[in-house]
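Secondary and tertiary structure notes
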Amino acid sequence: HKYLPAHPLLRAAMSGQVDVLVVGGGGREHAISVKLRESQKVRHVFCAPGNGGTDAEEGMINVAVGDSDVEGLVKLAKEKSVALVFVGPETPLCLGLADACNAAGIPCFGPSKLAAELEASKAFSKDFFAKHGLPTAAYKTFKDSDYDAALSYVEAEYAAGREVVVKASGIAAGKGVLMPANAEEAKAAVREVMVDKAFGAAGDEVVIEQLLIGEEVSCMAFADGKVASMMLPAQDHKRANDNDEGPNTGGMGAYAPAPCLTPKLRREVEEVLQKTVDAMASEGRPYIGCLYGGFMLTKEGPLLLEYNCRFGDPETQVLLPLLDSDLFEVALGCAEGNLQARVPKVQWKDGAAATVVCAAKGYPGSYPKGMVIFGLEKAAAVEGIKVYHAGTKKSDDTLVTSGGRVLAITGCAPNFREALKRAYEGVQLIRFEPAGGGPSGLHFRTDIGRLAIERPTRIAIVGSTRGSSSQATFDAIKAGTLNARIVVACSNKLDAGILERGLAEGIPAVHVPCKKGTPRAEYDAKLTEVLRDYGVDLVMLVGFMRIVSPEFCSDWANACINVHPSLLPKHAGGMDLEVHRAVLDAGETETGCTVHVVTAEVDGGPIVVQRKVPVVAGDTPESVKAKVQAEEGPSLIEAVRLFHERKAPFCR
């Protein structure tokens, strides 16, 4: 691939394809280059400066031009007659590379210098959020001369019971955010940024904002100046060590799609992203490129932490493998200011991706360079694996480490657990050999994705009555003995007690009305839409006085349970007191309750849990009911636990 016709126009004419230029030399840029090279319309990807990985890829050519050399990059783009410049890192964008490309008539995927101020200045972005009503944390900004005022503000916030985060306003390679544990640490953080200049000129202005509590999620969008097309949500891991300990890094791993962003929350985030693009256009700063919003999912809804003006790293290494649309067409559509003309709807693949960063021991502090990298071919041979290079280079025909974050091993699979398993299989095959030998100089986190794996099971309770047997599940969750969350209560009846129970427990209560004569499948589709909105994993039918449709059973296969007041298969199909009367009429000496998987066969699904109670002389249907009901709550708790632990019959 190094032996090409000399003139770029001749190359294009010969192939019917075009060349593109990717600016940057990290793992993000390797992933971007790979995805662009997949396009049928792209022949060659020039990488400036690229890395050891792009150097080895078919159809990619490294060029020794620095990613901050705006003049040199534009000159290179002209010389190669590229059809598109795709900018990876933020620094060249903040220096005006997109402006320079546009002035030269070269389409560029990346925001102008004015638009990139969203990342270049946290003070600007926070003021922008406030001006345009974008949801964010309370904050205040301080310049160098305001050091004493900043300390006073911190003291006042902690005195009022509010914790804070301290941020350098300028570009600090993703490391300018300090999260103190108390007031003294907060004041020390202010000093570190404003006085000690730990982040250089990036700390000439500081933003002190309220600490937000919740789960953080990375939400990026392709933007063409008018439309924001949101990508899959992702989550990354910033701390260097397991259990989110150690110093902040550029990122030690990531996965997508992030399960924490339910469809309902996604719509709220999409609204914020679109509102941002609209507001930027209204200010004469049309936003073109990747708009990367960091959101905190709080009790008040998704709140903006900050914006970045480029793809995240290592999130790119899990997002782009899942992109089904042609990245070249998407990026060129954005650069031209009309994404939907080229790509009416950006498409994504089913499945999941996870990446684990292989770093040099010592990162993000001092670390060795020049370590020989072993195992790349073996790792690349693992099914579903792609090895993305970051800090690598060729040295005498040997690939060696040249940075702190060296590789990102990405696994793709139909589900998240398998994707993560594949990524770690690849990592185990990699070794960094220090000069002079010795133990491997590789460091990686062993807990990437743990938050997603250990996330509580999200339950919906669905019923037509009081839903009394669900109370035990509520209580177990509050006691911390059940790793689950009841996220919504639904009923077909507006006056159902189960809705009141939900509200009393602080969860949304949704009435899904059913008009007389509505086909079961039609009603159940509406119910499913609500359940999906809340990101439900497991549906718990509790006194639901409807027989669900086969379509509902298919939609919630192996993820919907019902508690029946008998020891199934005995007395299947019966309801309430008639079941207990049948037990007495049959002269049975024991009965109980059964939690079973809901299938199209009424009360015929796999049995999950059964609990028994004795039937004694003098029992009435009412007394039997009371004994059975006392076991329904514990049975449901046990069933939820089995579902969460993926045990039979929930092996999935």
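The structure under discussion appears in the preceding block.
The structure contained in this document is the topic of the report that follows.

Rules behind the numbers
Residues numbered from 1 in each chain as written. Predicted model: local features only at pLDDT ≥ 70, side-chain atom pairs only at ≥ 80, totals over all residues. Heavy atoms only, no water. Helix = DSSP H or I, 4+ residues; strand = E, 2+ residues; numbered from the N terminus. Phe/Tyr/Trp six-rings, centres within 6.5 Å; stacked < 30°, edge-to-face > 60°. Buried < 20%, exposed > 50% of the residue type's maximum accessible area, 1.4 Å probe, protein only. Lys NZ or Arg CZ within 6 Å of the ring centre and 35° of its normal. Pairing = 2+ DSSP bridges. Axes fitted to C-alpha atoms, helices over the stretch in contact; angles between N-to-C directions. Contact = heavy atoms within 4.5 Å. Polar contact = N/O pair within 3.5 Å; in protein donor to acceptor, adjacent residues only side chain to side chain. Core = buried A, V, L, I, M, F, W, Y, C linked by side-chain atoms within 4.5 Å. Parallel < 35°, antiparallel > 145°, perpendicular 65-115°, else oblique. Left-handed = near helix turned anticlockwise from the far one by under 90°. Nonpolar A, V, L, I, M, F, W, Y, C, P; charged D, E, K, R; others polar. Salt bridge = Lys/Arg side-chain N within 4 Å of Asp/Glu carboxyl O.

Our focus in this paragraph is the environment of Arg581. Mapped onto the secondary structure, Arg581 falls in helix H22 (residues 577–585). For the pair Arg581 and Pro414, spaced 167 residues apart in sequence, the C-alpha separation works out to 48 Å.

Glancing now at the packing of aromatic side chains. By the definition in use, this model includes 13 aromatic pairs. Here the aromatic rings of Phe86 and Phe311 are separated by 6.2 Å at their centres, their planes lie at 25°, and the arrangement is stacked. Placement of Phe86 in strand S4 (residues 84–87) and of Phe311 in the loop between strand S17 (301–308) and helix H12 (316–319) is noted, with a sequence separation of 225 residues between them. Note on accessibility: Phe86 and Phe311 belong to one class, buried. Taken together through their ring pairs, the aromatic side chains of Phe86, Phe109, Phe222 and Phe311 make up a single cluster. Here the guanidinium or amino end of Arg431 rests over the ring plane of Phe374, the centre of that ring lying 4.6 Å away.

With that settled, the discussion passes to the sheet that holds strand S31 (residues 590–597). Here 7 strands make up an open sheet; going across it, the order is S28-S27-S26-S29-S30-S31-S32 and the pairing mixed. Two strands bound the open sheet, and with one partner strand each, they are strand S28 (509–511) and strand S32 (607–614). Taken over all neighbouring pairs, the strand axes of this sheet differ in orientation by 20° on average, direction set aside. Both strand S27 (residues 484–491) and S28 contribute to a ladder of 3 bridges, which runs parallel. Looking across to S28, one finds that Ala489 is bridged to Ala509. Lying over the sheet, helix H18 (residues 471–479) contacts strand S26 (457–462), S27 and strand S29 (538–541), oriented at roughly 150° with respect to S27. Running over the sheet, helix H20 (residues 520–533) touches S26, S27, S28 and S29 and is turned about 145° from S27.

The next thing to look at is the side chain of Glu209. Relative to the helices and strands, Glu209 resides in strand S9 (residues 205–210). Of note is the side chain of Glu209, whose polar atom sits 2.8 Å from the side chain of Lys126. Side-chain polar atoms of Glu209 contact the side chain of Lys167, separated by 3.0 Å. Excluding residues within four positions of it along the chain, Glu209 makes contact with Lys126, Ala137, Ala138, Tyr139, Glu163, Val164, Val165, Lys167 and Leu305.

Moving on, we get to the nonpolar core. With 55 residues, the main nonpolar core has Val488, Leu527, Leu531, Val536 and Val539 as its most contacted residues. Residue contributions to this core peak at 8 residues, all from helix H23 (residues 621–644). Those residues within four positions of Leu531 in sequence are excluded, and the remaining contacts are Ala460, Val462, Val488, Cys490, Val536, Val539, Phe552 and Trp556. One finds Leu134, Ala221, Ala228 and Ala279 within the second-largest nonpolar core, a separate group that totals 51 residues.

Time to look at the packing of H18 against H23. It is at 8 Å that the axes of H18 and H23 come closest, and there the two elements cross at 55°. When the axes of H18 and H23 are compared, the pair comes out oblique. The interaxial crossing formed by H18 with H23 has right-handed handedness. Here Ala472, Thr473 and Ala476 of H18 come into contact with H23, specifically with Gly633, Pro634, Leu636 and Ile637. Considering only residue class, the contact of H18 with H23 consists of 5 nonpolar, 2 polar and no charged.

Tracing the sequence through the fold places Ala509 in strand S28. What makes Ala509 partly exposed here is its relative accessible area of 31%. When the C-alpha positions of Ala509 and Phe643 are compared, they lie 23 Å apart, and in sequence the two are 134 residues distant. Leaving out residues up to four positions away in the same chain, Ala509 has contacts with Ala489, Leu499 and Leu503.

Okay, the pattern of salt bridges next. In this structure the tally under the stated criterion is 39 salt bridges. Taken together, the shared-partner salt bridges connect Lys41, Glu329, Glu336 and Arg342 into one network.

What follows concerns the sheet that holds strand S5 (residues 108–109). Read from one edge of the open sheet, 5 strands run S3-S2-S1-S4-S5, paired in parallel fashion. Both edges of this open sheet fall to strand S3 (60–62) and S5, since each of them pairs with a single strand only. For strand S1 (residues 18–24) and strand S2 (residues 42–49), the ladder comprises 7 bridges, and the chain directions are parallel. Among the inter-strand pairings, Val22 is bridged to a residue of S2, identified as Cys47. Of the strands in this sheet, S1, S2 and S4 are in contact with helix H4 (residues 70–79), which crosses S1 at around 165°.

With 5 of 6 residues buried, S9 lies mostly within the body of the structure. With 5 bridges connecting them, strand S6 (residues 139–143) and S9 associate as antiparallel partners. In the sheet register, Thr141 faces S9, and the bridge partner there is Val207.

Where helix H9 (residues 147–159) meets helix H10 (residues 183–194), the axes come as close as 10 Å, and the angle between the chain directions of the two elements is 160°. The orientation of H9 with respect to H10, classified from their angle, is roughly antiparallel. For the crossing formed where H9 meets H10, the hand is right-handed. Here Tyr147, Ala150, Leu151, Val154, Glu155 and Tyr158 of H9 come into contact with H10, specifically with Ala183, Ala186, Lys187, Val190, Arg191 and Met194. Grouping the constituent residues of the contact of H9 with H10 by class yields 9 nonpolar, no polar and 3 charged.

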